[in-house]
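Observations on chain architecture
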Amino acid sequence: MYDVLIIGSGPAGLTAAIYTSRAGLKTLVVAGTMWGGQLMLTLEVENFPGFENGILGPDLMAAMRKQAERCGAELILENATSADFKSKPFKVTAGNKVYEAKTVIIATGASSKWLGLESETRLRGRGVSVCATCDAPFFRNKKVLVVGGGDTAMEEALFLSKVVSEVKVIHRRDKLRACKCLQDGAFANPKISFVWNSTVQEILGKDRVEGVKLRNVVSGEESVLPCDAVFLAIGYTPNTSIFKDQIELDPTGYVVAREETRTNIDGVFVAGDAADYRYRQAIAAAGSGCKAALDAEKYLIGT
Ligand code: NAP
C-alpha cells in the first residue's frame, strides 16, 4: 500500500514525487515505458530557471528522475492501463499488476498533435517545434510558419511575431477557428500573413528546416514555401483516456481541477498538462506537481 501513487513522470509527476518522498510518504511513480514526458522530445530548454546556459530536455528529466529516486520515490517503467477510484484504497493497474494507494496524483500530461509526416519526425528540434514559447528565440529575425487555425495557432503566431521577421499561418480552411479577439490581433499584425486552404505535404530540409511543400486543397496545386522553422499548433490530446469513467473530465478530455489540484474524487489530485490547457510549460507543470504533493500530504494527515 502506497501513501501516494503518481501516474506520469514529466516535470509535474517527478516534482510531486520529490515532495511526497521527502515528506516521508511511501511514493510510487508509474512512470510509463516512455518516461519523462514531452521534454524528452525537446533538444535545448532555455527557459527552465536554474540553468544559465540552458539544458537539454532529456538531461533535465534524467536529473529530476535521479532526484526523485534519491529522495526515496520508487519508479516503475510501465504504463498505467486502468484506474479504479470508485472505492478506497484507490487501485491502478500497470504492467499486469494492481497497485493500491491512499492518494493518487494524475500527472499524465498532454500530447501535441502531429501531422504524421516522416520529415516532421526527422526535423523535430531542428526547426520543427510545437512550442513557440520554448523555441522562438532560436529563430530571431527568421521566417517561420505556424500550422493551424485555432486559439493556440493564433497565440503562437502573435508570440512569434515579436521575435521573428515574418510569420505565415498555414490553415487547411478559409476560416479560423480561433476566438475573435485572437483573430483580430493576428489580422492586424503586419508581420503575420495567411495561406488559406492549404495543407503541409512535406517539410523540406536535410539537417534543418528549409521550407515546406504545400498543397492547396481547393485547386490541388502544389507549391514550395521557403522558411526556417515550422511551428505546429493543431491541438493537444490530454492523456486521460483511462480516467474517463472514473473522474470528471471536461468535454475535451482535460481533468477538471478545483481549488488548484483537487479533482471531484477526494484523495485524487491532478498536476500539469492533464488539467492545464493554458500554460503548458515545464516550470508551470513542476509548480503544480509541488502543489498536488502538498495537497495530498494535507489530505493524508486530515487537515
Ligand atoms: P483546436 O481548437 O482543436 O484547433 C486546432 C486547429 O488545427 C484547427 O484550426 C484545426 O483545423 C487545425 N488542425 C487540426 N488537425 C489538423 C491537421 N491534421 N492538419 C492541419 N490542420 C489541423 O486546438 P487549440 O488551438 O490547441 O485549442 C485547444 C483548446 O484550448 C480550445 O478549446 C481552445 O479554445 C483552448 N485554448 C484557449 C486559449 C485561450 O483562451 N487564450 C489558448 C489556447 C487554447 P480546423 O479548424 O479545420 O478544424
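Residues numbered from 1 in each chain as written. Predicted model: local features only at pLDDT ≥ 70, side-chain atom pairs only at ≥ 80, totals over all residues. Heavy atoms only, no water.

With respect to the domain arrangement of the protein
Our working definition: Domains are outlined according to an automatic or database domain assignment. Should any heavy atoms of two residues lie within 4.5 Å, those residues are counted as being in contact. Joining two parts hides part of their accessible area as seen by a 1.4 Å probe, and the buried area is that hidden amount summed over both. Polar contacts here mean pairs of N or O atoms no more than 3.5 Å apart (in protein, one a potential hydrogen donor and the other a potential acceptor; neighbouring residues in sequence count only if both atoms are side-chain atoms).
Splitting the protein by domain gives domain 1 (2-111 + 236-302) and domain 2 (114-232). On a C-alpha basis, the centroid separation for the pair domain 1 and domain 2 is 31 Å. Opposite the 8 residues of domain 1 that make contact, domain 2 presents 10 residues. Interface of domain 1 and domain 2: buried area, both sides summed, is about 750 Å²; carbon and sulfur atoms make up 51% of it. One can count 0 residue pairs in polar contact (both at pLDDT 80 or more) joining domain 1 with domain 2.

Describing the site of the ligand
Applicable threshold: Note on definitions. A residue lies near a molecule or strand when any single heavy atom of the residue is within 4 Å of it. Surface exposure here means Shrake-Rupley accessible area, sampled with a 1.4 Å probe, where a residue is shielded only by the protein chains that are shown. To qualify as a helix, a DSSP run of H or I must reach at least 4 residues; to qualify as a strand, a run of E must reach at least 2; elements of each kind are numbered from the N terminus. Each residue is assigned to one class: nonpolar for Ala, Val, Leu, Ile, Met, Phe, Trp, Tyr, Cys and Pro, charged for Asp, Glu, Lys and Arg, and polar for all the others, Gly among them.
By nearness alone, 16 residues border the ligand, and Asp 151, Thr 152, Glu 155, Arg 173 and Arg 177 come closest of all. In this structure, Thr 152 approaches the ligand through a side-chain N or O atom, which is 2.5 Å from an oxygen atom. Between the ligand and Glu 155 there is a distance of 2.7 Å, counted from a nitrogen atom to a side-chain nitrogen or oxygen. The fraction of the free accessible surface of the ligand (920 Å²) that becomes covered by protein chains is 70%. At 3 residues, the largest contribution of residues to the shell around the ligand is made by helix 5 (residues 151-161). For the shell around the ligand, a count of residues per class yields 5 nonpolar, 6 polar and 5 charged.

Focus on the environment of Cys 131
Locating Cys 131 in the fold gives a position in the loop between strand 10 (128-129) and helix 4 (132-135). Once the C-alpha coordinates of Cys 131 and Ala 274 are considered, the two residues, 143 residues apart in sequence, prove to be 17 Å apart. Look past the residues within four positions of Cys 131 in its chain and what remains in contact with it is Glu 156, Phe 231 and Gln 281.

Side note on the pairing of strand 17 (residues 229-232)
Heads up, the rule is: Buried means the residue's accessible area, taken with a 1.4 Å probe over protein chains only, is under 20% of the maximum for its type, while exposed means over 50%, and partly exposed covers the values in between. Only strands joined by at least two bridges in the DSSP assignment are considered to pair.
In strand 17, alternate side chains face the same way, and those of Ala 229 and Phe 231 on one face and Val 230 and Leu 232 on the other are all buried. In terms of strand pairing, strand 11 (residues 143-147) meets strand 17 through 4 bridges, oriented parallel. Considered in strand 17, the bridge of Val 144 is made with Ala 229.

Concerning the sheet that holds strand 16 (residues 222-226)
The cut-off we apply is this: Every angle, taken between N-to-C directions, lies between 0 and 180 degrees, and every axis is a line fitted to C-alpha atoms, over only the stretch in contact when it is a helix.
Here we have 3 strands laid out as an open sheet, ordered 14-15-16, and antiparallel in their pairing. The strands lining the two open edges of the sheet, one partner per strand, are strand 14 (198-204) and strand 16. Going from strand to strand, the sheet's axes swing by 30° on average, the running direction of each strand aside. Pairing geometry for strand 14 and strand 15 (residues 211-216), over 6 bridges, is antiparallel. Bridging across to strand 15, Val 200 finds its partner in Leu 214.

Section: the packing of helix 5 against helix 6 (residues 180-188)
Test applied: Left-handed describes a crossing whose near helix is turned anticlockwise from the far helix by less than a right angle; the clockwise case is right-handed.
In the contact formed by helix 5 and helix 6, the axes pass within 9 Å of each other and the chain directions differ by 35°. Here helix 5 runs over helix 6; the crossing is left-handed. Together, Asp 151, Met 154, Glu 155 and Leu 158 of helix 5 and Leu 182, Gly 185 and Ala 186 of helix 6 make up the contact between the two elements. Tallied by class, the residues present in the contact of helix 5 with helix 6 amount to 4 nonpolar, 1 polar and 2 charged.

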